[in-house]
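Listed below, chain by chain, are the residues.
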Amino acid sequence: MSSHTDATRPLGVGILGAGPVTQAIHLPSLARLGDILTVRHIMDVDPSVAESVAARVGATHSTSVEALLSDPAVEIVAICSPHQFHAEQVIAACRAGKKAVLCEKPFAMNAGEAARISAVSAETGVPIIVGAMHTFDPGWIAAQENWADLPETTHTIRSSIVLPPNARFEDFATEIITRPANGTPDYSDPEVIKGALRGGIMGLAIHDLPLIRRFTPDFKDIEVLEARHVRPFGYVISLRTPTRTIELRAAMNNTWKPEWSFEAISDEAALHIDFTPSYVQAGSATSTLTQGTRTTVLGPFDHNGYEGEWRELAALATGTKQPPTAQTLIDDLTFALDIADATVATLETQHSVAEGIRA
């Protein structure tokens, strides 16, 4: 095959896991990028799911990770399987000599797994990105290019999420707390509350935590001041570092319009970003930057972070862009895990204080 054809033909994509994220997010995004990427292989442990989803895009299907990774038509691998399999599958994809790997968040369950992934990525030279779609949104990227010294001078950061109920987020929480047989969690059980909060941080807040960390130079000294579970699925968490105040809020209900916003505020300037809700394919975030009396609105742009992830992967696979450092991915993950652990510890303290008062 001539090098001209190589340069112009779309890169082959293989997807591990054909659930709702693959069907509702990745396939529509890839359908719009057919000139640079094409789906070649879909693997799912359920043969009928693998077959029916692959048939939609004319791809090969299989039920084994090995079959997908040994397929020479697959150059980029997307890992959309249950999160306990992420680390081993990322490592296997790197070792299989693929050109780039996209892993849904979280890409590892603990810091040890993250370090192993980082070592294998360094050894094989295979670039990895984690699917926190907001960091690939052109609205965020435009803000980054215009915010001057805001990350250094910010004192308050907020992430606020109001979404209609979404089975994926509920499943994330209940996968951790295990859904009781009758389907209704027992909110009087502290373990259920802890599981729901950990699920909220690792399933929902995690989209904004890389953004928050960008504005938090002392992120390693994070402390939880207050943590509250919002039923049925949500949270209010107040955090601080020596120089920053951070507020995380989420609510899932049917009453408000969906809203997903991020704010960073200093004495001189403020950034407000409105993101499109999860699963929405159209349009990017809009960023509003206020500096003194000047207000700059950036966006909306013609694509959002879901498509941005795939554009980035294509650029990494063809060597036209440098990947994020593995340390960035590890820091993002440990930041999320630290917040989840500290939140659960705060709840334990609150619970024992309440028990002590009752006694």
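Cut-offs used in this document
- Numbers given for residues are sequential positions, taken from 1 along each chain in its written order.
- Two thresholds apply to this predicted model, a pLDDT of at least 70 for residue-level local features and 80 or more for giving and counting side-chain atom pairs, whereas whole-chain, interface and lining totals are computed over all residues.
- Computation of side-chain values: all heavy atoms of the structure, hydrogens and water removed.
- A run of H or I in DSSP counts as a helix once it spans at least four residues, and a run of E counts as a strand once it spans at least two, with each numbered from the N terminus.
- We compute the radius of gyration over the C-alpha atoms and compare it with the globule rule, which gives 2.2 Å times the number of residues raised to the power 0.38.
- The buried label goes to any residue with under 20% of its type's maximum accessible area, the exposed label to any with over 50%, and the partly exposed label to all in between, with areas taken from a 1.4 Å probe on protein chains only.
- In what follows, residue pairs with any heavy atoms lying within 4.5 Å of each other are defined as contacts.
- The protein chains shown are the only cover counted for residues, whose accessible areas, like all others here, come from Shrake-Rupley with a 1.4 Å probe.
- At least two DSSP bridges between two strands are needed for those strands to be called paired.
- The angle between two axes is taken between their N-to-C directions and runs from 0 to 180 degrees, where each axis is a line fitted to C-alpha atoms and a helix contributes only its stretch in contact.
- Each residue carries a pLDDT score, the predictor's confidence in it, ranging from 0 to 100.
- The arc in question is the one spanned by the directions pointing from the helix axis to the C-beta atoms.
- Salt bridges, as used here, are contacts in which a Lys or Arg side-chain nitrogen is within 4 Å of a carboxyl oxygen on Asp or Glu.
- Polar contacts, as counted here, are pairs of nitrogen or oxygen atoms within 3.5 Å of one another; within protein the pair requires one atom able to donate a hydrogen and one able to accept it, and residues that are adjacent in sequence qualify only if both atoms are side-chain atoms.

**Focus on the overall build of the protein chain**
No. 1: Looking only at helices and strands, the protein chain features 13 helices and 14 strands.
No. 2: Computed over its C-alpha atoms, the radius of gyration of the protein chain comes to 21 Å, within 12% of the 21 Å expected for a compact globule of 359 residues.
No. 3: Per-residue burial for the protein chain yields a buried fraction of 52% across its 359 residues.
No. 4: A separation threshold of at least 6 residues defines the contact pool for the protein chain, and within that pool the share at least 24 residues apart is 69%.
No. 5: When the accessible surface of the protein chain is summed, it comes to about 15,700 Å², and 54% of that surface belongs to carbon and sulfur atoms.

**Examining the sheet that holds strand β11 (residues 259–265)**
No. 1: Pairing in this open sheet of eight strands is mixed, and the strands run β8-β9-β10-β7-β11-β12-β13-β14 from one edge to the other. Across the chains shown, the open sheet's two edge strands, defined by having one partner strand only, are β8 (223–229) and β14 (294–298). Strand-to-strand twist in this sheet, taken as the mean axis angle between neighbours without regard to direction, amounts to 10 degrees.
No. 2: Bridge count between strand β9 (residues 234–240) and strand β10 (residues 245–252): seven bridges; the pairing is antiparallel. The residue of β10 that forms the bridge with isoleucine 237 is leucine 248.
No. 3: Across the sheet, helix α7 (residues 138–146) is in contact with β11, β12 (269–275), β13 (286–291) and β14; its angle to β13 comes to roughly 20 degrees.
No. 4: Together, β8 and β9 form the strand contacts of helix α10 (residues 190–203), whose direction differs from that of β9 by roughly 75 degrees.

**Examining the confidence of the model for the protein chain**
No. 1: The predicted model of the protein chain has a mean per-residue pLDDT of 90, with 92% of residues at 70 or higher.
No. 2: The low-confidence segment residues 1–5, where pLDDT is below 50, has two contacts with residues more than four positions distant or belonging to other chains.
No. 3: Note that pLDDT drops below 50 for residues 172–181; the model gives that stretch 21 contacts with residues more than four away or on any other chain.

**Digging into helix α3 (residues 47–57)**
Owing to its 3.6 residues per turn, the α-helix aligns residues three or four sequence positions apart on the same side.
No. 1: Along α3, the positions that sit buried rather than exposed are Ala50, Val53 and Ala54. Down the axis of α3, the buried set is contained in an arc of 100 degrees. They therefore lie on one face. Turned more than 90 degrees from where α3 packs its buried face, Ala55 and Arg56 sit exposed.
No. 2: Buried-residue contacts for α3 involve α2 (20–31), β2 (37–43) and β3 (60–62).
No. 3: With its phi angle positive at about 65 degrees, glycine 58 sits one or two positions after the end of α3.

**Let's talk about the pattern of salt bridges**
No. 1: Applying the stated rule across the entire model yields 16 salt bridges.
No. 2: Notably, a salt bridge pairs arginine 95 with glutamate 123, separated by 2.8 Å at the nearest N-O pair. Of this pair, arginine 95 sits in helix α5 (residues 86–95) while glutamate 123 is found in helix α6 (residues 111–124), placing the two residues 28 residues apart along the sequence.
No. 3: Judged by relative accessible area, glutamate 123 falls into the exposed class, the value being 57%.
No. 4: Its salt-bridge partner being aspartate 341, residue arginine 198 comes within 2.8 Å of it at the nearest N-O pair. With arginine 198 in helix α10 and aspartate 341 in helix α13 (residues 326–358), this pair connects stretches of sequence that are 143 residues apart.
No. 5: For aspartate 341, a relative accessible area of 39% corresponds to the partly exposed category.
No. 6: In this structure, a network of salt bridges that share partners links the residues Arg158, Glu247, Arg249 and Glu263.

**Quick word on the environment of threonine 38**
No. 1: Here threonine 38 is to be found in strand β2.
No. 2: The spatial distance from the C-alpha of threonine 38 to the C-alpha of threonine 346 is 47 Å, given a sequence separation of 308 residues.

**Details of the side chain of serine 287**
No. 1: Following the sequence through the fold, serine 287 ends up in strand β13.
No. 2: For serine 287, the side chain forms a polar contact with the main-chain oxygen of glycine 139, separated by 2.7 Å.
No. 3: Not counting residues up to four positions away in its chain, the partners in contact with serine 287 are Gly139, Trp140, Ala143, Leu271, His272, Ile273, Thr296, Val297 and Leu298.

**So, unusual backbone geometry**
No. 1: The amide bond that connects lysine 105 to the next residue, proline 106, takes the cis arrangement and shows omega of -10 degrees.
No. 2: Topologically, proline 106 is positioned in the loop between β5 (100–103) and α6.
No. 3: Glycine 299 connects to proline 300 through a cis peptide bond whose omega is 0 degrees.
No. 4: Relative to the helices and strands, proline 300 is located in the loop between β14 and α12 (305–317).
No. 5: At alanine 148, a residue that is not glycine, the phi angle is positive and equals roughly 55 degrees.
No. 6: Mapped onto the fold, alanine 148 is located in the loop between α7 and α8 (150–153).

**Re the sheet that holds strand β1 (residues 11–16)**
No. 1: An order of β3-β2-β1-β4-β5-β6 is seen for the six strands of this open sheet, with the pairing classed as parallel. Either end of the sheet is taken by a strand with one partner, and the two such strands are β3 and β6 (128–130). Here the average twist between neighbouring strands, direction ignored, is 20 degrees.
No. 2: In the sheet, β2 pairs with β3 via three bridges, with the strands oriented parallel. Residue methionine 43 lies in a different strand from β3, and its bridge partner there is serine 62.

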